[in-house]
Amino acid sequence: MSGLRRGWSDTTPLLDQRHRSLSNSHTKRRPHSVILEMTSAVNDPTPSRSGPVFLGVDVGTGSARAGLFDESGKLLGSASSPIQIWKDGDCVEQSSTDIWHAICAAVKSACSLAKVAGQEVTSVGFAATCSLVAVDSDGSPVSVSWNGDSRRNIIVWMDHRAVKQAEKINSCNSPVLQYCGGAVSPEMQPPKLLWVKENLQESWSMVFRWMDLSDWLSYRATGDDTRSLCTTVCKWTYLGHAHMQQKNEKDRDMEACGWDDDFWEEIGLGDLIDGHHAKIGRSVAFPGHPLGSGLTPAAAKELGLVEGTPVGTSLIDAHAGGVGVMASVPELASEAKEDDEEAICRRMVLVCGTSTCHMAVSQSKLFIPGVWGPYWSAMVPEFWLTEGGQSATGALLDSIIENHVASPSLANRAASRNISVFELLNGILESMTHEKKSSFLAALTEDVHVLPDFHGNRSPMADPKAKGIICGLTLDTSEQQLALLYLATLQGIAYGTRHIVEHCNAHGHKIETLLACGGLAKNPLFLQQHADIIGCPIILPRENESVLLGAAILGAVAAKKYSTLIDAMKALNAAGQVIHPSKDPKVKKYHDAKYSIFRGLYEQQVSQRSLMAQALS
């Protein structure tokens, strides 16, 4: 998944302000700068705390972040440190060493900001993008890059080098594929592993452990190689439901018995079976399971914390966002007579960042073509997870804006007013609505339509070859035209979410409420368009940092402050604002028409692709 954007008004790039584009093929190493964020509670010069303090760490696509929360789930303070990223075409890579240094900087700064001493930190939890880490027997990085640079030992989640390997795996029709929507994505780990074996034999022979990034973080912190059901089930084809018979056992540290050896043999990776799957995970546990003896002496010193501090089994960042927000319902709704387990199954969490993940849980397994899952216990223990997604949302909006000729002048105006480009564009659209005497803002895009599949379609078409489409371009290069293109792109993203929600409901879900978190969820226009287009209310959490809270919850459970992950969610989640869909029937009629065009754009693309394939055959 997904890297998560720090904030919708945040224009901090992946590298630095002067090199926003990912098109650079390499980067220079620079010291870790730290961005500090605080809540009003931190302004108290003499804070007094007698309760626990939970630390959550999240590694997104562009930064490592740390946040401290009290026992009510209130953010005490947070800090962020940028991380390196390299991009060469479809290859996107990072460094685990660089990421760990960034985490240490962020944790120390967050503690300093929140006036929390290391010994006051009760527990630690990690979340990260679903990127693939390669290390040798000493834990040192092994290159996954064409150029052999040992620093570059991570294949980032968004990397699409393994499209052909994904097609090869999918042609096998293994039974495990039915648990990931019928097909693996090039963003999952088996295709990436196969690519390395086929292209980097020396690296393949050197790797002692292949790990999801969040699992590597917890391993680096504790020395315990127990993997998470979240990562292994969602990205590695591990069959978590193999443990259903053990779900009531008190000891949830489990021998990995959900690997399908026939699958690995069939796709040409049978050597990963060796040593009871030592390279990919011999032990798998529920999210929040206590790892080892907590922080090792070395990790504690590096983080500025105390040796033995409990650490919980990790989550993918988007899934941590789900844990941090799924129980954030208004008080009146939570007092309803409906059974809690039934209520949680009527919600979908949108974790909106560089990409967007759409997550819903159910009490029974639901097989949905083109949508990942059903994944047992991959987010909320003992529930089946359905995971949809859009591979480029925040990244797409950035690209649309930055590649327009009016972008530099717009950015300068936004900077002079000390607001984000998004805020400025939203204001331009409001003015245009009045000037054109449009009955509602969304109607400005009646002639502009966007299919947002600029990085393929993750769900529900599961088509990594899909391309983006912009329909309705003119020679106009004004800021107003850019504002229209921005709005049409934002709407296209929302139509994609509507497609996912409708598809899930057609296959057994009963989603009627959305909960949103992540950077894009701080953009009111993004939220209102989604509410209007999908026709569902959208609940925001009280705390903006839902991913950090979800990670912190993992540590809280590991420290035995709560008996279950769900209990911790109920205690630490809290609702904020609710965005309701428009009641104007004209708005619904308009969006229904545009949604029909949206669906038709993809159908036209498939037809065109077929015609061109025939012409070139």
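Residues numbered from 1 in each chain as written. Predicted model: local features only at pLDDT ≥ 70, side-chain atom pairs only at ≥ 80, totals over all residues. Heavy atoms only, no water.

**Looking at the overall build of the protein**
Counting its secondary structure elements, the protein contains 20 helices and 23 strands. Sequence-distant contacts, at least 24 apart, represent 75% of the contacts inside the protein between residues at least 6 apart. Summing over all exposed atoms, the protein offers an accessible surface of approximately 23,300 Å²; the carbon and sulfur share of this is 51%. (Helix = DSSP H or I, 4+ residues; strand = E, 2+ residues; numbered from the N terminus. Contact = heavy atoms within 4.5 Å. Areas by Shrake-Rupley, 256 points an atom, 1.4 Å probe, with all protein chains shown as cover.)

**Let's talk about the nonpolar core**
Leu193, Trp210, Trp264, Val361, Tyr375 and Ile553 are the most contacted members of the largest nonpolar core, which totals 92 residues. Top contributing element to this core by residue count: helix H18 (residues 546-558), with 9 residues. Tryptophan 210 has contacts with Leu132, Val133, Ala134, Val144, Leu193, Val196, Trp204, Arg227, Trp236, Leu272, Lys279 and Ile280, leaving out every residue within four places of it along the chain. Ranked by size, the runner-up nonpolar core spans 54 residues in total, among them Leu444, Ala466, Leu520 and Ile533. (Core = buried A, V, L, I, M, F, W, Y, C linked by side-chain atoms within 4.5 Å. Buried < 20%, exposed > 50% of the residue type's maximum accessible area, 1.4 Å probe, protein only.)

**So, H18**
Residue pairs three or four apart in sequence face the same way in an α-helix, which turns once every 3.6 residues. Taking 1.5 Å as the rise per residue, H18 with 13 residues should run 18 Å; its terminal C-alpha atoms sit 19 Å apart, in good agreement. Buried residues dominate H18, accounting for 13 of its 13 residues. Downstream of H18 by a residue or two, lysine 560 has a phi angle that is positive, lying close to 65°. (Expected span 1.5 Å × (residues − 1).)

**Describing the pairing of strand E22 (residues 538-541)**
By the alternation rule, side chains of E22 split into Ile538 and Leu540 and Ile539 and Pro541, which are all buried. Alignment of strand E21 (residues 513-517) against E22, held across 2 bridges, turns out to be parallel. In the strand pairing of E22, leucine 514 is matched with isoleucine 538. In this view, the connection linking E21 to its parallel neighbour E22 by way of helix H17 (residues 524-534) has right-handed handedness. Summarising the sheet, E22 and strand E23 (residues 575-579) pair through 3 bridges and their orientation is antiparallel. Across the sheet, the residue bridging to isoleucine 539 is valine 578, located in E23. (Pairing = 2+ DSSP bridges. Right-handed = clockwise from strand over helix to strand, strands pointing away.)

**A word on the packing of helix H2 (residues 163-170) against helix H3 (residues 189-199)**
Across the interface, H2 lies against H3 with an axial gap of 8 Å and an inter-helix angle of 115°. For the element pair H2 / H3, the angle class is roughly perpendicular. Between H2 and H3 lies a crossing whose hand is right-handed. Contacts between H2 and H3 involve Gln165, Ala166, Lys168 and Ile169 from the first element and Pro190, Pro191, Leu194, Trp195, Glu198 and Asn199 from the second. Considering only residue class, the contact of H2 with H3 consists of 6 nonpolar, 2 polar and 2 charged. (Axes fitted to C-alpha atoms, helices over the stretch in contact; angles between N-to-C directions. Parallel < 35°, antiparallel > 145°, perpendicular 65-115°, else oblique. Left-handed = near helix turned anticlockwise from the far one by under 90°. Nonpolar A, V, L, I, M, F, W, Y, C, P; charged D, E, K, R; others polar.)

**Details of the packing of aromatic side chains**
Tallied over the full model, the rule gives 14 aromatic pairs. Ring centres 6.3 Å apart and planes at 55° place the aromatic pair phenylalanine 54 and tyrosine 562 in the tilted group. With phenylalanine 54 in strand E2 (residues 53-59) and tyrosine 562 in the loop between H18 and helix H19 (565-572), this residue pair connects regions lying 508 residues apart in the sequence. No difference in accessibility class separates phenylalanine 54 from tyrosine 562, as the two residues are buried. An aromatic cluster of three or more residues is present, and its members are Tyr238, Trp259, Phe263 and Trp264. Across the ring face of tyrosine 595, the terminal group of arginine 498 is positioned such that the distance to the ring centre comes to 4.1 Å. (Phe/Tyr/Trp six-rings, centres within 6.5 Å; stacked < 30°, edge-to-face > 60°. Lys NZ or Arg CZ within 6 Å of the ring centre and 35° of its normal.)

**Concerning helix H20 (residues 585-616)**
Taking 1.5 Å of rise per residue, the 32 residues of H20 would be expected to cover 46 Å, and the 47 Å separating its terminal C-alpha atoms lies within 8% of that figure. Three or more residues of H20 are buried, namely Val587, Tyr590, His591, Lys594, Tyr595, Phe598, Gly600, Leu601, Tyr602 and Gln605. Among the residues of H20, the N-terminal cap falls to aspartate 584, whose side-chain oxygen and the backbone nitrogen of lysine 586 are separated by 2.9 Å. (Polar contact = N/O pair within 3.5 Å; in protein donor to acceptor, adjacent residues only side chain to side chain.)

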